[in-house]
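Topology and contacts: notes
What follows is each chain in one-letter form.
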Amino acid sequence: MQFDDSISQSRFIVAQCRMKSGTVSGIIVLDITIAGCMIDRCSLSFKPEQDLRIKLPGLEFVPAKVLWVEGDKAGLAFARPLYEPVLHHLLKAVGKAPIAA
């Protein structure tokens, strides 16, 4: 099964980010796959290779690494891929359904 994992501008996932210092801040997930996500940094400072933890709705904080930063956006890679049913649940919550492969 393949997922339509692009979240339109009017649909997004509100998440939390915990920095290594322990500071927790809100972020907006703009796009998500089982491997990682693209976020709106919400004025937070990120650098490539930076380790952090991200809390998606209904999940515990999961380890992630910053892959890139461009403008107000950043790309994160999850330390372990999300389970497809978890991704499906997150996408369903913002109105995106899986599409047949």
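This text goes with the structure placed above it.
Residues numbered from 1 in each chain as written. Predicted model: local features only at pLDDT ≥ 70, side-chain atom pairs only at ≥ 80, totals over all residues. Heavy atoms only, no water.

**Regarding the overall build of the chain**
The secondary structure content of the chain amounts to one helix and eight strands. The order of helices and strands in the chain, counted from the N terminus, is β-β-β-β-β-β-β-α-β. Expressed as a percentage of its 101 residues, the buried residues of the chain come to 32%. Counting contacts in the chain only where the partners sit at least 6 residues apart, residues at least 24 apart contribute 52% of the total. Accessible surface computed for the chain: about 6100 Å², of which carbon and sulfur atoms make up 54%. (Helix = DSSP H or I, 4+ residues; strand = E, 2+ residues; numbered from the N terminus. Buried < 20%, exposed > 50% of the residue type's maximum accessible area, 1.4 Å probe, protein only. Contact = heavy atoms within 4.5 Å. Areas by Shrake-Rupley, 256 points an atom, 1.4 Å probe, with all protein chains shown as cover.)

**Overview of the sheet that holds strand S5 (residues 51-55)**
Pairing is antiparallel around the closed barrel formed by six strands, whose spatial order is S2-S3-S4-S7-S6-S5. Sheet twist, expressed as the mean angle between neighbouring strand axes with direction ignored, is 45°. Inspection of the sheet shows strand S3 (residues 24-32) paired to strand S4 (residues 36-40) by four bridges, in the antiparallel sense. Note that in S4 the partner of Asp31 across the bridge is Met38. (Pairing = 2+ DSSP bridges. Axes fitted to C-alpha atoms, helices over the stretch in contact; angles between N-to-C directions.)

**Overview of the pairing of strand S6 (residues 61-70)**
As paired strands, S5 and S6 are joined by five bridges and run antiparallel to one another. Directly across from Arg53, in S6, lies its bridge partner Pro63. Joining the antiparallel neighbours S5 and S6 is a turn of five residues, in which Gly58 adopts a positive phi near 80°. Where S6 lies against strand S7 (residues 73-78), six bridges are found, and the strand directions are antiparallel. Looking at S7, one finds that Ala64 is bridged to Phe78.

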